[in-house]
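# Tertiary structure, described
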Amino acid sequence: SWTADGTLVAATSAEGGLTLRTPAGETRALTTPDRAAGETAHLFPIVRPDGRHVVYFVRADAPSRQGVWLASLAGDTPPARITGSASHALAVGDH
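Heads up: these notes are all about the structure in this document. (Residues numbered from 1 in each chain as written. Predicted model: local features only at pLDDT ≥ 70, side-chain atom pairs only at ≥ 80, totals over all residues. Heavy atoms only, no water.)

## Let's talk about the overall build of the protein chain
Check the secondary structure of the protein chain and you find zero helices and seven strands. For the protein chain, the α and β elements follow one another from N to C terminus as β-β-β-β-β-β-β. Counting only contacts in the protein chain whose residues sit at least 6 apart along the sequence, the fraction spanning at least 24 positions is 28%. Looking at the protein chain as shown, the accessible area adds up to about 5,600 Å², and 55% of this sits on carbon and sulfur atoms. (Helix = DSSP H or I, 4+ residues; strand = E, 2+ residues; numbered from the N terminus. Contact = heavy atoms within 4.5 Å. Areas by Shrake-Rupley, 256 points an atom, 1.4 Å probe, with all protein chains shown as cover.)

## Focus on the nonpolar core
Listed in full, the 12 residues of the largest apolar core are Val9, Leu18, Leu20, Leu30, Val47, Val54, Tyr56, Val58, Ala60, Trp69, Ala71 and Leu73. Where this core is concerned, the elements lending two or more residues are β2 (18-21), β5 (53-60) and β6 (67-72). By residue number, the principal contributor to this core is β5, which donates four residues. Ignoring anything within four residues of it in the chain, the contact list for Val54 reads Val9, Leu30, Pro45, Ile46, Val47, Arg48, Trp69, Leu70, Ala71 and Leu73. (Core = buried A, V, L, I, M, F, W, Y, C linked by side-chain atoms within 4.5 Å. Buried < 20%, exposed > 50% of the residue type's maximum accessible area, 1.4 Å probe, protein only.)

## Considerations on the pattern of salt bridges
Working definition: two side chains of opposite charge can pair if their charged atoms are close together. In the structure shown here, the tally under the stated rule is two salt bridges. Residues Arg59 and Glu15 are paired through a salt bridge, measuring 2.8 Å at the closest nitrogen-oxygen approach. On the criterion of sequence distance, the pair formed by Arg59 in strand β5 and Glu15 in the loop between β1 (8-11) and β2 is long-range, its members being 44 residues apart. Residue classification places Arg59 among the partly exposed positions, given a relative accessible area of 28%. Arg65 is the partner of Glu39 in a salt bridge, and the nearest nitrogen-oxygen pair spans 2.5 Å. (Salt bridge = Lys/Arg side-chain N within 4 Å of Asp/Glu carboxyl O.)

## Some thoughts on the pairing of strand β4 (residues 39-47)
Burial runs high along β4: seven of the nine residues are buried. Sheet topology places β4 next to β5; six bridges connect them, and they run antiparallel. The residue of β5 that forms the bridge with Glu39 is Ala60. Following β4, the chain reverses through five residues before pairing antiparallel with β5; Gly51 in that reversal takes a positive phi of roughly 75 degrees. (Pairing = 2+ DSSP bridges.)

## As for the side chain of Thr7
Tracing the sequence through the fold places Thr7 in the segment before β1. Its relative accessible area of 9% is what places Thr7 among the buried residues. For Thr7, the side chain forms a polar contact with the side chain of Asp5, separated by 2.8 Å. (Polar contact = N/O pair within 3.5 Å; in protein donor to acceptor, adjacent residues only side chain to side chain.)

Below, the structure is given as C-alpha cells:
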C-alpha cells in the first residue's frame, strides 16, 4: 500500500512483519510478529487516508492476538488491535 508521498508499506513475507520503504529507497521494519504471543504474520497492509497510519491483519495462533491492527508509520505509538478475527469486514474511512 502506498502513501501520497510514495512511501510503500508491504508484507514482504508470508511469515513476517511489514516493511516500510521511503521514496529515497530507505527501508526499515515497520512491524514484527510477536512470536511469544503466538503471532505468525502481519499481512494485507492498507495505508489510512491520513497517510500516517496503516491497518493490517495479524495472523496468530492465539485468538486474542489475531485480527485487524492499527500502527503508526512513524512508530511513535504502539500498534493497537481494532477488531478481532471473528469480524469479516472493516471500513477504512477518511477520518
